[in-house]
Amino acid sequence: QVQIVESGGGLVQPGGSLRLSCTVSGIRISMYSTGWYRQRPGEERTLVASITSVGFTNYADSVKGRFTISRDNAKNTVSLQMNNLNAEDTAVYYCNARHQAANFLTYWGKGTLVTVSP
């Protein structure tokens with residue numbers, strides 16, 4: 001079975017930082033494109049950042065220059081460093097893995113809540 005578990009969410013003040021971690025088991029992420037998405041209540045889930053198996057990255061315009069996605073294929077983990085957070089970053093953050101040769105093999109974690117508030 002595939003397990004994707006996010007951690008690192010919590011309450012942070014505006015301007016602060018958080019680092020989210022995604023631990024993957026059951027698959028080798030070396031064959032997958034991985035990413036972070038976020039979703040606010042009643043809204044659609046949107047891409048925050050993604051990184052391919054060889055390190056090519058893509059970021060939403062709203063987080064460019066503030067967030068950094070990284071991966072460690074040996075540890076089978078994906079991280080998201082979030083700096084200079086603001087209230088608009090408040091959301092549930094989800095880790096995703098999609099097979100690069102079989103896109104229907106797509107997996108999601110249950111999410112971790114990030115709340116940016118004074």
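Structure first, text after, so check above.
Residues numbered from 1 in each chain as written. Predicted model: local features only at pLDDT ≥ 70, side-chain atom pairs only at ≥ 80, totals over all residues. Heavy atoms only, no water.

On to the environment of S50. With respect to the helices and strands, S50 occurs in strand 5 (residues 46-51). For S50, a relative accessible area of 17% gives the class buried. Once you skip the residues sitting within four places of it in the chain, S50 turns out to touch T34, G35, F56, T57, N58 and I69. (Helix = DSSP H or I, 4+ residues; strand = E, 2+ residues; numbered from the N terminus. Buried < 20%, exposed > 50% of the residue type's maximum accessible area, 1.4 Å probe, protein only. Contact = heavy atoms within 4.5 Å.)

What follows deals with the environment of S33. Among the secondary structure elements, S33 is positioned in strand 4 (residues 32-39). For S33 and Q1, which are 32 residues apart along the polypeptide, the C-alpha to C-alpha distance reads 18 Å. Apart from the residues lying within four places of it in its own chain, the contact partners of S33 are I51, T52, R71, N96, A97, R98 and Q100.

We now examine the state of the cysteines. Overall, the coordinates contain one disulfide when judged by the stated rule. Each disulfide pairs two cysteine sulfurs, and for C22 the partner residue is C95, the sulfurs being separated by 2.0 Å. When the S-S torsion is -85 degrees, as for the bridge of C22 with C95, the disulfide is left-handed. A residue pair is termed long-range when its members are at least 10 positions apart, and C22 in strand 3 (residues 18-25) and C95 in strand 9 (residues 91-99) qualify at 73 residues. The pair formed by C22 and C95 is uniform in burial state, with each residue classed as buried. (Disulfide = S-S within 2.5 Å.)

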